[in-house]
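# Commentary on secondary and tertiary structure
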Amino acid sequence: TMQAVWALMALAVLPCVAALPGDIIGSNDFSMGPDGWLQEGTGMTSAPQQEGDRIFVTELPARAGDSWYFRAPKRFFHGSDSLYSGFLSYEVGHFEFDSQQKGVVNAYDVVLEARNPAFSLGLTGVFSDDGSTTHMANVRMDEMFSPPGSTARWQLVKAKRNPRQSDFLQCLQNLVGLKIRGGYFHGVESTFLRNVKLTEGIQDKTPQTKLVDGVEQPMLTEKPAAAPRPYVERTCTSTDRVSIIFDRPGCGVHRGQTCSTADLTPSRVTDLLKATDLRSGHKPVIAQNVGLKAAPVQTPFSELFTFKYVPPICSAATLELTVNGDLAFEGDYLEIIGEDGAVLGSLFQGNISQLLVDVRSTQWSMVKPFYDAISISAARMTKYTADRRFSFSVRANRRSSGSDPEVSTMWCNAASCDLNGKIIFRQFKLVYSPAPCFVSRTTSDATSTSTTGRSTNDVNMPLAVDVSFPTSGATSAPADDGAIAVVTDANVVNTFGHMNVHRKNSNGSLSDAWGRVFERGQFQDQIAGTVKVPNWGGDADVKTHFSSAASLPRSALTDAVATGSLNLQLRTDDTSLLVSGKFSPVTVQFPLVGCFQRTLRTHEFLNTHLFRPSSAYFSETNMALPGTDLLFTMHVEWQDAIRYTNNPGGNLDSQPLMRADSGAMSSSNGALLWPNYPDTVEEHKKWPHGYGYVQVRGGRDGQLLGELFLGDYTQYSSISYISDSVTIPKSIVEAEVKQSGSFTFTIWVPPGEGVFNIRSINLGYATATTAGQVTDETKPLPVHSHG
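Everything quoted here is computed from the prediction, not taken from an experiment.

### Regarding the overall build of the protein
- The helix and strand inventory of the protein stands at 10 helices and 44 strands.
- Across the 787 residues that make up the protein, the buried fraction comes to 56%.
- Counting only contacts in the protein whose residues sit at least 6 apart along the sequence, the fraction spanning at least 24 positions is 79%.
- In the structure as shown, the protein presents an accessible area of about 31600 Å², 51% of it carried by carbon and sulfur atoms.

Dropping the structure here:
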């Protein structure tokens, strides 16, 4: 029987899709047309047509009964890194349809297409033929979701099984297509779509436990957001994806899979790495137990790991872990603990047979590696990377039952590679979208001191440190909680136990505390004082510094940055103790709601081997006027990217002798190199930090704007890429954009041997006068050259 429902009737019963917590990262109201949406399937009368605030498609009678879809343009889901646990909301309805009394055609209602089809997902049960002319859908983007009134869950399209969290994250990381079903019935139908939105996920998935057959096992309990946030259209997201692969120990002097005794014997390099960590407020990190030749760890355990020298990350990220070991029993699992003690997620829960890595595609072909992943929110990544490193612990809470006595491997760095009750950490991978952050840093050589009875009224005064960060006002509005990271040589931890972070108002008054830094519990193994580091080139007595980060709440941060200046005060509660020290640097960072950004990845000298030395000139046109400093992030494949060497000449063996350290001897005749190579002084001026870094220069080989990769990257994969960023002052970019609408710069690639390949470059900042925009990343190639 033909059931006809015409447009006028449909218009009378179309309520809006219910609001959900979280920012909008993609939306279409179709008021200006189909906006890039397409119809996928055959037998339609035409491409989607617009009518009012919706688009519609009508079937041809000859093709009635076929399932077809509305396909979203890629720009609609460009922020898919923030989608996990978020929502796809839409409204679908019919002007007319003929069910032929056969019910609904069996097909997926929503399809998420991944670059690797093995991770593409489909969901049924969203649409039901309940006699209504319109249907509203709120589809949650996680593996546990079932539509209301249905038992259906997301399904891997190829494998025909429910996904694990790691499968869902893989899909969202590599999302290339999103489809909403339009064809539901066996007869002719005319279907419309409207009010389509993607909102970010802000649900807190907190690990809990439950008893299964008398065994305690982890369970994820969903906690709703504390309060729904108003919809904010977020445009400062990126389609680019970056992977940082940590798959070796990081020996400092090479990128091999094992660190020898000689590598770790106190030397210029080991002491330099130690002193650098101490002076930046961190425990020294070298030779971590990760990689092809890592040693097995007996359960239970809590092992600390660190990604060193990461760029600021203000988007949601996925942490992937590959291990070997005894995890077959369903009660065995691993927890990831943040540096602030927060439980970030659990891995390898339940039946892990689906988590076996395809050994044909790994370097561990002699063993049975397992893979799993968790998602980490943008707010947490913003806080954890504010100090340019990402540290976390992996914890096994129970002793393994020895459920797989046959597990063993020849690939380890131990006398016995038996894995019964043990775990080997092979690889950590951090995957994220390099969307621009607001990043501002202050440095000072001033000493701050608390006073005891020296104030005007003879009242003890607390230790108080004022810091200020210029903003662009409302155009630099935060998209999530921000973070502040502070480094000090003052012994705040062992005296006061913490410092509060306050906003300092224009009249000098202070807000309630936004957060705390230097809480005593974060520094259990760090002792104030000096440490003997004799070979690093500076003072042999290195003073211990402390580094700490705290979250800055979005609501309070929004009001503060709107004034054009973020003024904060770090302040102690206790006024009875005398403490002094330097507080530098202090960094604030947060994700932006809107921004100007450009991702360079299609130029002819990107993703190709560059000469060494060489320079690559860029001229980027149609740049928006900046309201804040420009965050410049670069991702490169750099063969043997080694910053430090024990070579007496000061350079790696593969680098030229023309830039030798003062006093270095020629290996051929024992003569001093400096007198015999007069050009070495000029090379020192050109490359003052050696040949192990990259320079960014303004214009064509002009003023120095920043230096990249001035750190130890030996823990990262030699077949992947490394990432770093610098902030370029607003004044420099602003002057050029005002004059020509362009921003020009040159990349200086250092001398040496081995592959140097720029994968991509990200430019981004808050704009001066508008709410922000995203430029077309497929724009025509700008002027460029290299040589």
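Here the narrative resumes.
### Some details on the packing of aromatic side chains
- All told, the structure shown has 34 aromatic pairs when counted by the stated rule.
- Between Trp638 and Phe709, the ring centres sit 6.0 Å apart and the planes meet at 90°, which makes this aromatic pair edge-to-face. Here Trp638, found in strand 38 (residues 630-638), pairs with Phe709, found in the loop between strand 40 (704-708) and strand 41 (722-728); they are 71 residues apart in sequence, far enough to count as distant.
- For Arg54, the ring lying beneath its charged end belongs to Phe192, and the centroid distance is 4.7 Å.
- Directly above the aromatic system of Trp748 lies the positively charged group of Arg697, at a separation of 4.1 Å from the ring centroid.

### Details of the pairing of strand 13 (residues 189-199)
- With 10 of 11 residues buried, strand 13 lies mostly within the body of the structure.
- As defined by bridge partners, strand 2 (residues 24-28) adjoins strand 13 across 4 bridges and the pair is classed as antiparallel. Counted as the bridge partner of Asn28 is Val196 from strand 13.
- Of the strand pairs in this sheet, strand 5 (residues 54-58) and strand 13 are connected by 5 bridges, and their pairing is antiparallel. Bridging from a neighbouring strand, Arg54 pairs with Arg194 of strand 13.

### Some remarks on the pairing of strand 24 (residues 422-432)
- Of all 11 residues that make up strand 24, 9 are buried, and the element is covered over most of its length.
- Summarising the sheet, strand 16 (residues 242-246) and strand 24 pair through 5 bridges and their orientation is antiparallel. Bridge pairing in strand 24 places Ile245 opposite Lys429.
- Two strands pair when backbone bridges link them, and strand 17 (residues 297-298) and strand 24 are joined in this way by 2 bridges, in the antiparallel orientation. Bridge assignment links Val297 to a residue of strand 24, and that residue is Ile423.
- Pairing analysis gives 9 bridges linking strand 19 (residues 317-325) to strand 24, with the strands arranged antiparallel. Within the sheet, the bridge partner assigned to Leu319 lies in strand 24 and is Leu430.

### Quick notes on the sheet that holds strand 30 (residues 515-517)
- Spatial ordering of the open sheet is given by 27-34-29-30, a layout of 4 strands whose pairing is antiparallel. In the strand order of this sheet, the two ends are held by strand 27 (464-470) and strand 30, each with one partner. Each strand of the sheet is rotated relative to its neighbour by a mean of 30°, with strand direction disregarded.
- In this sheet, strand 30 lies alongside strand 29 (residues 499-503) in antiparallel orientation, the contact comprising 3 bridges. Bridge pairing links Met499 to Val517 in strand 30.
- Taken strand by strand, helix 7 (residues 554-561) contacts strand 29 and strand 34 (565-571), and its axis lies near 125° from that of strand 34.

### Topic: the environment of Pro300
- Inspection of the secondary structure assignment puts Pro300 in the loop between strand 17 and strand 18 (301-308).
- Owing to a relative accessible area of 40%, Pro300 belongs among the partly exposed residues under this scheme.
- Sequence spacing of Pro300 and Lys422 is 122 residues, and the spatial spacing of their C-alpha atoms is 8.7 Å.

### Examining the pattern of salt bridges
- Tallied over the entire structure, the rule returns 25 salt bridges.
- The residue Asp372 makes a salt bridge to Arg164 at a minimum N-O spacing of 3.7 Å. Residue Asp372 is found in strand 22 (residues 370-376), and its partner Arg164 is found in the loop between strand 11 (155-156) and helix 2 (165-173); the two are separated by 208 residues along the sequence.
- Of the residues examined, Asp372 reaches a relative accessible area of 3% and is grouped as buried.
- Exposure remark for Arg164: the relative accessible area of 17% places this residue in the buried category.
- Because the salt bridges share partners, they merge into one network encompassing Glu40, Arg71, Glu113 and Lys179.

### Overview of unusual backbone geometry
- The peptide bond linking Ser584 to Pro585 adopts the cis configuration, its omega dihedral lying at 0°.
- Residue position: Pro585 is located in strand 35 (residues 580-591).
- Along the chain, Arg612 connects to Pro613 via a cis peptide bond; the corresponding omega equals 0°.
- Inspection of the secondary structure puts Pro613 in the loop between strand 36 (596-600) and strand 37 (614-620).
- Positioned with a positive phi, Lys160 is a non-glycine residue whose angle comes to about 55°.
- By secondary structure assignment, the location of Lys160 is in the loop between strand 11 and helix 2.

### Observations regarding helix 9 (residues 679-686)
- The set of residues buried in helix 9 consists of Thr680, Glu683 and His684. Within helix 9, the buried residues cover an arc of 105° as seen down the axis, which keeps them to one side. Exposed residues pointing more than 90 degrees away from the buried face of helix 9 are listed as Asp679 and Lys685.

### Thoughts on the sheet that holds strand 18
- In space, the 4 strands of this open sheet follow the order 18-23-20-21, with antiparallel pairing throughout. One side of each edge strand has no neighbouring strand; the edge strands of this open sheet are strand 18 and strand 21 (343-347). This sheet shows a mean twist of 25° between the axes of neighbouring strands, independent of strand direction.
- Direction of pairing for strand 20 (residues 334-338) relative to strand 21: antiparallel, over a ladder of 4 bridges. Bridge pairing in strand 21 places Glu335 opposite Ser346.

### Digging into the confidence of the model for the protein
- Of all residues in the protein, 79% attain a pLDDT of 70 or more, and the chain-wide mean is 81.
- Note that residues 1-20 has pLDDT below 50 and, in this model, 49 contacts with residues that lie over four places away or in other chains.
- Low pLDDT, under 50, characterises residues 772-787; the predicted model gives this stretch 47 contacts beyond four residues in sequence or across chains.

### Overview of helix 4 (residues 268-279)
- When the terminal C-alpha atoms of helix 4 are compared, their 16 Å separation across 12 residues agrees well with the 16 Å that a helix rising 1.5 Å per residue should span.
- Along helix 4, the residues classified as buried are Val269, Thr270, Asp271, Leu272, Leu273, Ala275, Asp277 and Leu278.
- After helix 4 finishes, the residue Gly281 shows a positive phi value of roughly 90°.

### Overview of the nonpolar core
- Grouped together as the largest cluster of nonpolar side chains are 72 residues, with contacts concentrated most on Phe307, Phe425, Phe428, Phe632 and Ile747.
- Grouped together as the second largest cluster of nonpolar side chains are 42 residues, Val110, Leu156, Cys171 and Tyr371 included.

### Brief notes about the side chain of Arg388
- For Arg388, the location among the structural elements is in the loop between helix 5 (378-384) and strand 23 (389-396).
- For the buried residue Arg388, which engages in no salt bridge, the nearest side chain bearing the opposite charge is Asp724, 6.4 Å off.
- Within polar-contact distance, the side chain of Arg388 engages the side chain of Gln589 at 3.1 Å.
- Those residues within four positions of Arg388 in sequence are excluded, and the remaining contacts are Lys308, Tyr309, Val310, Pro312, Val439, Arg441, Thr587 and Gln589.

Thresholds, definitions, all that
- Residues numbered from 1 in each chain as written.
- Predicted model: local features only at pLDDT ≥ 70, side-chain atom pairs only at ≥ 80, totals over all residues.
- Heavy atoms only, no water.
- Helix = DSSP H or I, 4+ residues; strand = E, 2+ residues; numbered from the N terminus.
- Buried < 20%, exposed > 50% of the residue type's maximum accessible area, 1.4 Å probe, protein only.
- Contact = heavy atoms within 4.5 Å.
- Areas by Shrake-Rupley, 256 points an atom, 1.4 Å probe, with all protein chains shown as cover.
- Phe/Tyr/Trp six-rings, centres within 6.5 Å; stacked < 30°, edge-to-face > 60°.
- Lys NZ or Arg CZ within 6 Å of the ring centre and 35° of its normal.
- Pairing = 2+ DSSP bridges.
- Axes fitted to C-alpha atoms, helices over the stretch in contact; angles between N-to-C directions.
- Salt bridge = Lys/Arg side-chain N within 4 Å of Asp/Glu carboxyl O.
- Arc of directions from axis to C-beta.
- pLDDT = per-residue confidence, 0-100.
- Expected span 1.5 Å × (residues − 1).
- Core = buried A, V, L, I, M, F, W, Y, C linked by side-chain atoms within 4.5 Å.
- Lys, Arg positive; Asp, Glu negative; His and termini not counted.
- Polar contact = N/O pair within 3.5 Å; in protein donor to acceptor, adjacent residues only side chain to side chain.

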